[in-house]
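# Analysis of the macromolecular model
So the chains spell out like this:
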Amino acid sequence: MNGQDLINSRRSIYKFTEETVGDDILNQALIAASNAPCHKHTHPWRFYILGREIRSKLIPTITKLSKIKSEKMQSKNIEADAQRATRKITDPPLLIAVTSQITPNDDFRTKEDYAATVCALHNLVLSLWDNGIGSQWSTGSITRDNDTYELLSIDSKQEEIIGFIKAGYPEKIRAINKKPVDEFVNYVD
């Protein structure tokens, strides 16, 4: 697939087959991530590959957060909601927590590093897609909860979790309509 087709065909994937993502494909994606543009060469990104054991340790946190959300939404199926939320973390063949470096007392550097980390994340996702691996970038409450930071041994004063990447071979690729370019581009003379 050429670069334009790769970029334009990529879609968020929500359901995956059980097939494992090979280490060679993951390593290729991590190398692509490491080649993202990065002002001042800070390389502020960190990728935490979450295995099955750590995911199971996250279940109580996921359940707690799901219950809070369900109660807020006045859901009648709190248990089903919790099971669905848990499966979002336990089911994907590959789960990666992505963090960006925080620079205390320098909001501008932190913002620039966040932008660089998003570029690295997107390089990772595009590399995976080029190898037939779909993904979804998730920024749910699990990424902001103190228990998550503690379980993953991430110092929240040094790094911010900007999301989880769920990845695997797509069970289904959905069609999607994107906005026409003229709806979001302005030419200024």
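Structure: above.
What comes next is a walk through the structure. In this convention, every chain numbers its residues from 1, walking through the sequence in written order. In view of the model being predicted, local features appear only for residues whose pLDDT reaches at least 70, and side-chain atom pairs are presented and counted only at 80 or more, with totals across whole chains, interfaces and linings using the full set of residues. Computation of side-chain values: all heavy atoms of the structure, hydrogens and water removed.

## Concerning the environment of Asp-145
Among the structural elements, Asp-145 can be located in the loop between strand 3 (134–138) and helix 6 (146–151). Remark: the alpha-carbon pair of Asp-145 and Asn-123, spanning 22 residues in sequence, is separated by 26 Å. Residue contacts are counted whenever heavy atoms from the two residues lie within 4.5 Å of one another. Those residues in contact with Asp-145 that sit more than four places away from it in its chain are Thr-61, Lys-64 and Leu-65. Engagement of the side chain of Asp-145 in a polar contact is seen with the side chain of Lys-64, the distance being 3.2 Å. Strands are runs of DSSP state E lasting at least two residues, helices are runs of H or I lasting at least four, and both sets are numbered from the N terminus onward. Counted as a polar contact is a pair of N or O atoms within 3.5 Å, where, for protein atoms, one must be capable of donating a hydrogen and the other of accepting one, and residues adjacent in sequence contribute only when both atoms are in side chains.

## Section: the pattern of salt bridges
By convention in these notes, a salt bridge is any Lys or Arg side-chain nitrogen within 4 Å of a carboxyl oxygen on Asp or Glu. Scanning the entire structure with this criterion turns up 7 salt bridges. One salt bridge in this structure joins Lys-57 and Glu-53, with 3.5 Å as the shortest N-O distance. Here the residue Lys-57 and the residue Glu-53 both occupy positions in helix 3 (residues 52–72), the gap between them amounting to 4 residues, near one helical turn. Here the term buried applies to any residue with accessible area under 20% of the maximum for its type, exposed to any over 50%, and partly exposed to those in between, with areas from a 1.4 Å probe on protein chains only. Take Lys-57: its relative accessible area is 44%, and that puts it in the partly exposed class.

## As for the packing of helix 3 against helix 4 (residues 78–90)
Axes here refer to lines fitted to C-alpha atoms; in helices the fit is confined to the stretch in contact. Angles between the N-to-C directions go from 0 to 180 degrees. For the pair helix 3 and helix 4, the least separation of the axes is 8 Å and the interaxial angle reads 145°. The handedness of the crossing between helix 3 and helix 4 comes out as right-handed. Contacts between helix 3 and helix 4 involve Arg-52, Arg-55, Leu-58, Ile-59, Ile-62, Thr-63, Ser-66, Lys-67, Ser-70 and Glu-71 from the first element and Ile-78, Asp-81, Ala-82, Ala-85, Thr-86, Ile-89 and Thr-90 from the second. Along the lines of polarity and charge, the residues of the contact of helix 3 with helix 4 split into 7 nonpolar, 5 polar and 5 charged. Handedness of a crossing is defined here by the sense of rotation of the near helix relative to the far one, left-handed for an anticlockwise turn of less than a right angle and right-handed for a clockwise turn. Put simply, Ala, Val, Leu, Ile, Met, Phe, Trp, Tyr, Cys and Pro go in the nonpolar bin, Asp, Glu, Lys and Arg in the charged bin, and everything else, Gly too, in the polar bin.

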